[in-house]
Amino acid sequence: MAKQEEYTEEKMAKAIGKALKALRKEKGLSQSDVYFKSGLERGTYQRYDAGHVSRPSIINLVKIAEAMQTTPGAIIDKAYEILREGEK
């Protein structure tokens, strides 16, 4: 049986940041578009996008998802995919 990867808060934060960047770019959105539409402060969104938020707020993920016209689940799914790719 393969050893299961240890998911640290730091790894998850980085994966969420990468997921947000990837989804944002797929949608053709800038950071400004997302933080403006989400109602988040610029610095708050930038920390998410840079992968510096180790315990993301569900409320903020919902706001970000709505601003990107996606779902919080899609963000988490993308982050999980990124984590799994890192294991290979």
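Residues numbered from 1 in each chain as written. Predicted model: local features only at pLDDT ≥ 70, side-chain atom pairs only at ≥ 80, totals over all residues. Heavy atoms only, no water.

1. Concerning the overall build of the protein chain
When helices and strands are counted, the protein chain shows five helices and zero strands. When the elements of the protein chain are put in sequence order from the N terminus, they spell out α-α-α-α-α. A globule of 88 residues ought to have a C-alpha radius of gyration of about 12 Å, and the protein chain, at 13 Å, matches this closely. A principal-axis box enclosing the C-alpha atoms of the protein chain has dimensions of 45 × 20 × 20 Å. The buried share among the 88 residues of the protein chain stands at 33%. (Helix = DSSP H or I, 4+ residues; strand = E, 2+ residues; numbered from the N terminus. Rg over C-alpha atoms; globule rule 2.2 N^0.38 Å. Buried < 20%, exposed > 50% of the residue type's maximum accessible area, 1.4 Å probe, protein only.)

2. A few points about unusual backbone geometry
For Gln69, which is not glycine, the phi torsion reads 55 degrees and is therefore positive. Relative to the elements of secondary structure, Gln69 occurs in the loop between α4 (58-67) and α5 (72-87).

3. Here's the deal with the confidence of the model for the protein chain
When pLDDT is averaged across the protein chain, the result is 92; 92% of the residues are at 70 or more. Here α5 stands out as the least confident element of the protein chain, with mean pLDDT 92; α4 is the most confident, with 97. (pLDDT = per-residue confidence, 0-100.)

4. Describing the side chain of Ser38
Its place among the elements puts Ser38 in helix α2 (residues 31-38). If near-sequence neighbours (up to four positions away) are discounted, Ser38 is found in contact with Lys63, Ile64 and Ala67. (Contact = heavy atoms within 4.5 Å.)

5. Re the environment of Glu85
If you trace the backbone, Glu85 turns up in helix α5. When the C-alpha positions of Glu85 and Arg24 are compared, they lie 19 Å apart, and in sequence the two are 61 residues distant.

6. Observations regarding the packing of α2 against helix α3 (residues 42-49)
Two numbers describe how α2 lies on α3: the axes approach to 9 Å, and their chain directions differ by 125 degrees. By the angle between their directions, the pair α2 and α3 is classed as oblique. When you trace α2 past α3, the crossing you get is right-handed. Residues Gln31, Val34 and Tyr35 of α2 touch α3, and the partners they reach there are Arg42, Tyr45, Gln46 and Asp49. (Axes fitted to C-alpha atoms, helices over the stretch in contact; angles between N-to-C directions. Parallel < 35°, antiparallel > 145°, perpendicular 65-115°, else oblique. Left-handed = near helix turned anticlockwise from the far one by under 90°.)

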